[in-house]
Amino acid sequence: MSRWKALPAELDPRVRQLVVRLRRLKDHSGLSMRQLAARTGYSPKSWERYLGGRSLPPGEAVEALARIGGDDPTRLLTLREVAAEAWENGKDRGSTAAPADTPAPGPEPGPEPEPVSPSPSPSADPAAEIRLSVRSLRIVLMAGAVVLVLAVSSAVLMTLRLTGHSGADDGRTPRTAPLAASTPVTTPSYSCRLQRVDGVWYAGNSRTRDATVGYGQAGPDVAEVQCLLRRAGVSPGGIDGMFGPLTRGAVVRFQKRAGLIGDGIVGPRTWKALRG
């Protein structure tokens, strides 16, 4: 039985419950930190942070430990989602877990007892709150896009009017100002330059193999995911570097086809399947 250090006193009870559960699974497996790292693909230092309450473990790490310890991955992932919400709320209030380089208070004779019950709000349904957060994010993004389009349209119309009046006053034919001169917009472009190096596929946008990429993100990592999905025969829509609904749906379909949990989030295991 491992002699675990006490968890940070300011740790949210929902996060504490997840960490205690993971500690028990690790003890039940009988694996050392190095063996656990070899079995899951996450480094020993990462597991020390996860099991010390200093960092929230990603969903794929939780799922891997659940399978090793013989626990139900779905139930443990649900517990992880509740803990993730509490973790984010704690950061918003300025209260976080112990720093990664600061050891937690003194050792205990054994693992902490699991709390009797989690402490999320009794009237809150974790799954419903997650769906509400995603819906709110979509509404904010759509509203921002509408405001941007209206602002650009207003600027163009004002330019056209000013140019038209100037031409009419001196008897000349009004000229229209070029659109590019009044609305400079820079949009990154991506392409798929597929090549296989030592049995690993790359598309020329990013060489990462462990970055976490999910809904609402943008950039070369997202474009790399889109190219690799297209290579695997799963269409993500365009190669625009935007992780939107089409890309998320393609990721879920690919994960299910590869025998992974279809959560729509690209982590180390999904990268491995895409590049394999």
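Residues numbered from 1 in each chain as written. Predicted model: local features only at pLDDT ≥ 70, side-chain atom pairs only at ≥ 80, totals over all residues. Heavy atoms only, no water.

A. Highlighting the overall build of the protein. Each helix and strand in the protein was counted, giving 10 helices and two strands. Helices and strands appear in the protein in the N-to-C order α-α-α-α-α-α-α-β-β-α-α-α. A burial count over the protein gives 36% of its 276 residues as buried. Within the protein, contacts between residues at least 6 apart in sequence are counted, and of these 57% link residues at least 24 apart. If you sum the accessible surface of the protein, you get close to 15900 Å²; carbon and sulfur atoms cover 56% of it. (Helix = DSSP H or I, 4+ residues; strand = E, 2+ residues; numbered from the N terminus. Buried < 20%, exposed > 50% of the residue type's maximum accessible area, 1.4 Å probe, protein only. Contact = heavy atoms within 4.5 Å. Areas by Shrake-Rupley, 256 points an atom, 1.4 Å probe, with all protein chains shown as cover.)

B. Looking closely at the packing of helix H2 (residues 33-40) against helix H4 (residues 59-69). With their axes 10 Å apart at the nearest point, H2 and H4 run at an angle of 110 degrees to one another. Overall, the two elements H2 and H4 adopt an arrangement that is roughly perpendicular. Where H2 crosses over H4, the handedness of that crossing is right-handed. Here H2 contributes Leu-36, Arg-39 and Thr-40 to the contact with H4, which in turn contributes Ala-64, Leu-65 and Ile-68. (Axes fitted to C-alpha atoms, helices over the stretch in contact; angles between N-to-C directions. Parallel < 35°, antiparallel > 145°, perpendicular 65-115°, else oblique. Left-handed = near helix turned anticlockwise from the far one by under 90°.)

C. Here's a closer look at the pattern of salt bridges. In the structure shown here, the tally under the stated rule is five salt bridges. In this structure, the salt-bridge partner of Glu-63 is Arg-67, at a minimum N-O distance of 3.2 Å. Linking Glu-63 with Arg-67, this pair stays in helix H4, spanning four residues, or about one helical turn. Given a relative accessible area of 6%, Glu-63 falls into the buried group. Put simply, Glu-63, Arg-67 and Arg-269 are held in one network by salt bridges that share partners. (Salt bridge = Lys/Arg side-chain N within 4 Å of Asp/Glu carboxyl O.)

D. Structural detail: unusual backbone geometry. Positive phi, normally seen in glycine, also occurs at Asp-198, with a value near 55 degrees. Checked against the element boundaries, Asp-198 lands in the loop between strand E1 (195-197) and strand E2 (200-202).

E. Highlighting helix H8 (residues 220-231). For H8, built from 12 residues, the straight-helix expectation of 16 Å at 1.5 Å per residue is met to within 8% by its first-to-last C-alpha distance of 16 Å. Listed in full, the buried residues belonging to H8 are Val-222, Ala-223, Glu-224, Val-225, Gln-226, Cys-227, Leu-228 and Leu-229. Where the residues of H8 are buried, they touch E2, helix H9 (245-257) and helix H10 (268-275). A positive phi of about 90 degrees marks Gly-233, the residue just after H8. (Expected span 1.5 Å × (residues − 1).)

F. Layout of the packing of helix H1 (residues 13-29) against H4. Their axes nearest at 9 Å, the elements H1 and H4 cross at an angle of 45 degrees. By the angle between their axes, H1 is oblique relative to H4. Crossing of H1 against H4: the hand is left-handed. Of the residues in H4, those touching H1 at Leu-22, Leu-25, Lys-26, His-28 and Ser-29 are Val-62, Leu-65, Ala-66, Ile-68 and Gly-69.

G. Fine view of the state of the cysteines. Taken as a whole, this structure holds one disulfide when the rule is applied. Disulfide pairing is shown between Cys-192 and Cys-227; the S-S distance is 2.0 Å. Sign of the S-S torsion, about -85 degrees for the bond between Cys-192 and Cys-227, identifies this disulfide as left-handed. Here Cys-192 is found in the loop between helix H7 (179-182) and E1, whereas its partner Cys-227 is found in helix H8, with 35 residues between them in sequence. (Disulfide = S-S within 2.5 Å.)

H. Geometry of the packing of aromatic side chains. Taken as a whole and judged by the stated rule, the model has three aromatic pairs. Ring centres of Tyr-42 and Trp-47 lie 6.5 Å apart, and the angle between their planes is 75 degrees; on these two criteria the pair is classed as edge-to-face. Taking relative accessible area as the criterion, Tyr-42 reaches 9% and is therefore assigned buried. Looking at Trp-47, the relative accessible area reads 0%, which means it is buried. Within the aromatic cluster, the residues linked to one another by ring pairs are Tyr-42, Trp-47 and Tyr-50. (Phe/Tyr/Trp six-rings, centres within 6.5 Å; stacked < 30°, edge-to-face > 60°.)

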